[in-house]
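Architecture and fold: a report
Listed below, chain by chain, are the residues.
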Amino acid sequence: MPIRETFWNIPSWAEAAQYILATLTVIVFLFGVARHVLRWRKGKPEKRSGHILARLWSVVVQVFAQRRTLDEAYPGIMHFSIFWGMLTLAIGTVLATVDWDVTHLFFGFQFLKDGIYVVYELVLDLLGLLVILGLGMAIYRRYISRPARLQNLPIKSLSGDDAYVLIALTFILLSGYLTEGLRIAVLQPAWANWSPVGKVVGALFLATGDPTNRTLHVVIWSIHMLTAFGVLASLPFTKLFHILAVPINIYFQPMKPAGVLPPANTDGGMGVKEWKQFTWKQLLDFESCTRCGRCQDACPAYASAQLLSPRNMMIKLDAHIWEKTNGRALHGDVISADELWACTTCRACVQVCPAFIDHVTTFVDMRRSLVDQGKMDKMLQDALSNLGRYGNSFGQSDRMRAKWTMGLQPAIKDARREPVDYLWFVGDYASYSATLTDTTRKTAEVFQKAGLNFGILYDSERNAGNDVRRVGEEGLFEMLADKNGQVLSKIKFQTIVTTDPHSYNTIKNEYPDNGNGHPTIMHYSELLDQMITTGKIKFSKKLGYKVTYHDPCYLGRYNGVYDAPRRVIEASGCEVVEMPRHGARAFCCGAGGGRIWMEEKEVKERPSELRIREAVALNGIQAFIVACPKDLTMFRDAVKTTGNEKSLVVKDLIDLVYEAL
Ligand code: SF4
Ligand code: SF4
């Protein structure tokens, strides 16, 4: 009768030693886990309760179905194989323990017998192969194909940690198969076919015969046990800790919209100056990083100048929170100001991270401290002081804000004086930048032709504050938001519309938290799409251009608006050809997070130039379409600096609508 003989051929001293080792392993494991929990508790409080079902579902989808991990085929399949294989083997070990140490010991029966046992053997045997496949893929990738994102870790000793995990798991698997094979070689059970791998391994030992095989079995079983317990005990002290940290991190992911930055820490100065000012969740973030490098590959700051690698930031922060106090400062010694200022807050890193780490809030928290101490470059200082003084980064007076409206007939309504359906929040760049006002006027003309009842705030509008907040100037953000909020509360309108994804983001997601009501807001691409669908905008011709579309980070990744602009482009009679990085994977123009106000370091190629090259490589593209005033500035410049002026023209979405009307 097939039955699991748990301690077949194992001398009683080894059996006893196993229980002693198991107890020691559990003690070391719990001690290690407790160290992490105590470390997280050193962080500032942060509320991450509620939404229990949504959180659990996310764990199911992201941990068990490995949804985000599988976004990339090779590393996805590799990790999926190791994860599911090891999980099944772990469940198998638990079942075997219960079978022997609970049901057999206390109730005198084993459930791992007959049909159940042979299926158990088959499943474990095959799933072990899956782990070996995954480990083989991992070893090939790390040591033979060697993608750049796995290289050059900022802490060299971590390469040893990576190697340890691969070697230890491979050793457990191989020694497990050897133990099984030797048992089969000696016993030659009738049900050996249910352990196909074990049977093949066993065949290798048929010639050796007894008692050598029995002796080998005890030796390899002992090594297998020692390795398995060693790996389990080392789990909280090695990269393997991600097995626990990542599911917890996924469970506690933010449930607010992506466009909401958490409030600043104000205890001991604004933002984060030393690591204990991070929240417990941020400390958990650092410990969850598996060093996979996906974030680094997605990062425009890294692609452009390699000044900032979000992967390295997490690695350095994780190491720092475990450092003995040796005088190394978080700012300066661990993380440089250049790294922090290089971030465009584009969120590409957050979007791809399989551990659901939120890099952006950490970087902004640290920027808040730099701003608090006045540590920023001159250009940024000037921009912030202009924003404080004039309400715009151009340093121009309020009265000049609506200069672009001069000569427009009919005149644009003043929403402060009469009720309107749509309040157009124009934004700084569209209002003040001399190279953009033509586009702003075209937008007004399209709205007028469509019969839209709209108005603007004229000199009462202020910068919405989105990038001021991302720079880390929390006080100035609140001041700007309050000023805009006061004006908005006094006027009558139904919906705000804006061409600026940055203003869109903060008004939609952050103004409500700032006590400025819950205004309904649409991006102009959404409004145009709606007006085309309802027949308010009717095109008189089909443009017939082949174009590509650049998703602005604060419209796409932050707010999920991907389809409306594409529908507008198609309605104008153009064909959209997608760049390789589009939608949620779009590559940032490099202007966000206040970067547009900062001095530019010497770089090989700017993100906007890399993006233009990506578009040019599509071949046959006539226009590069944007839906953000800052993008228009960035990409028109990049087309010139990359020498593509003759082959590619950068147009705003409104240019297509205007032309097709
Ligand atoms: S937000 Fe963008 S620029 Fe900043 S680290 Fe992430 S990917 Fe890089
Ligand atoms: S932060 Fe996330 S994406 Fe980046 S290396 Fe760590 S786990 Fe990978």
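Residues numbered from 1 in each chain as written. Chains lettered and ligands numbered in written order. Predicted model: local features only at pLDDT ≥ 70, side-chain atom pairs only at ≥ 80, totals over all residues. Heavy atoms only, no water.

**Concerning the domain arrangement of the chain**
When the parts of a complex come together, some accessible area is lost, and that lost area is often used as the size of the interface. For the chain, the assigned domains read domain 1 (12–249), domain 2 (267–372), domain 3 (391–532) and domain 4 (535–660). Each of domain 3 and domain 4 has a C-alpha centre, and the two are 21 Å apart. Listed by partner, the interface residues are 33 residues for domain 3 and 35 residues for domain 4. Taking both partners together, domain 3 and domain 4 bury about 3100 Å²; carbon and sulfur atoms supply 67% of that area. Counting every contact that joins domain 3 to domain 4 gives three salt bridges. Between D529 and R567 there is a salt bridge, with its nearest N and O atoms 2.8 Å apart. (Domains from an automatic or database assignment. Contact = heavy atoms within 4.5 Å. Buried area = accessible area lost by both parts, 1.4 Å probe. Salt bridge = Lys/Arg side-chain N within 4 Å of Asp/Glu carboxyl O.)

**Here's the deal with the sheet that holds strand 9 (residues 649–652)**
The parallel open sheet is built from four strands, whose spatial order is 7-6-8-9. Looking along the sheet, the strands with just one partner apiece sit at the ends: strand 7 (575–576) and strand 9. Each of strand 8 (623–626) and strand 9 is contacted by helix 26 (residues 653–660), which is oriented at about 80° to strand 9, the strand it contacts most. (Pairing = 2+ DSSP bridges. Helix = DSSP H or I, 4+ residues; strand = E, 2+ residues; numbered from the N terminus. Axes fitted to C-alpha atoms, helices over the stretch in contact; angles between N-to-C directions.)

**A look at the site of ligand 2**
Ligand 2 sits among 13 residues. The nearest are C289, C292, C295, C353 and H359. Residue assignment for the shell around ligand 2 shows that the elements contributing at least two residues are helix 10 (294–298) and helix 12 (310–322). Among the residues making up the shell around ligand 2, the classes are represented as seven nonpolar, three polar and three charged. (Near = heavy atom within 4 Å. Nonpolar A, V, L, I, M, F, W, Y, C, P; charged D, E, K, R; others polar.)

**With respect to unusual backbone geometry**
In this structure, the amide linkage connecting D210 to the following residue, P211, adopts the cis form with an omega of -5°. Going from Q409 to P410, the amide bond is cis rather than trans, its omega being -5°. On the secondary structure map, P410 appears in the loop between helix 16 (378–390) and strand 1 (413–414). Phi is positive for D114, close to 50°, though the residue is something other than glycine.

**Comments concerning the site of ligand 1**
Taken together, 13 residues sit near ligand 1, with C299, C343, C346, R347 and C349 positioned nearest. Along the lines of polarity and charge, the residues of the shell around ligand 1 split into ten nonpolar, two polar and one charged.

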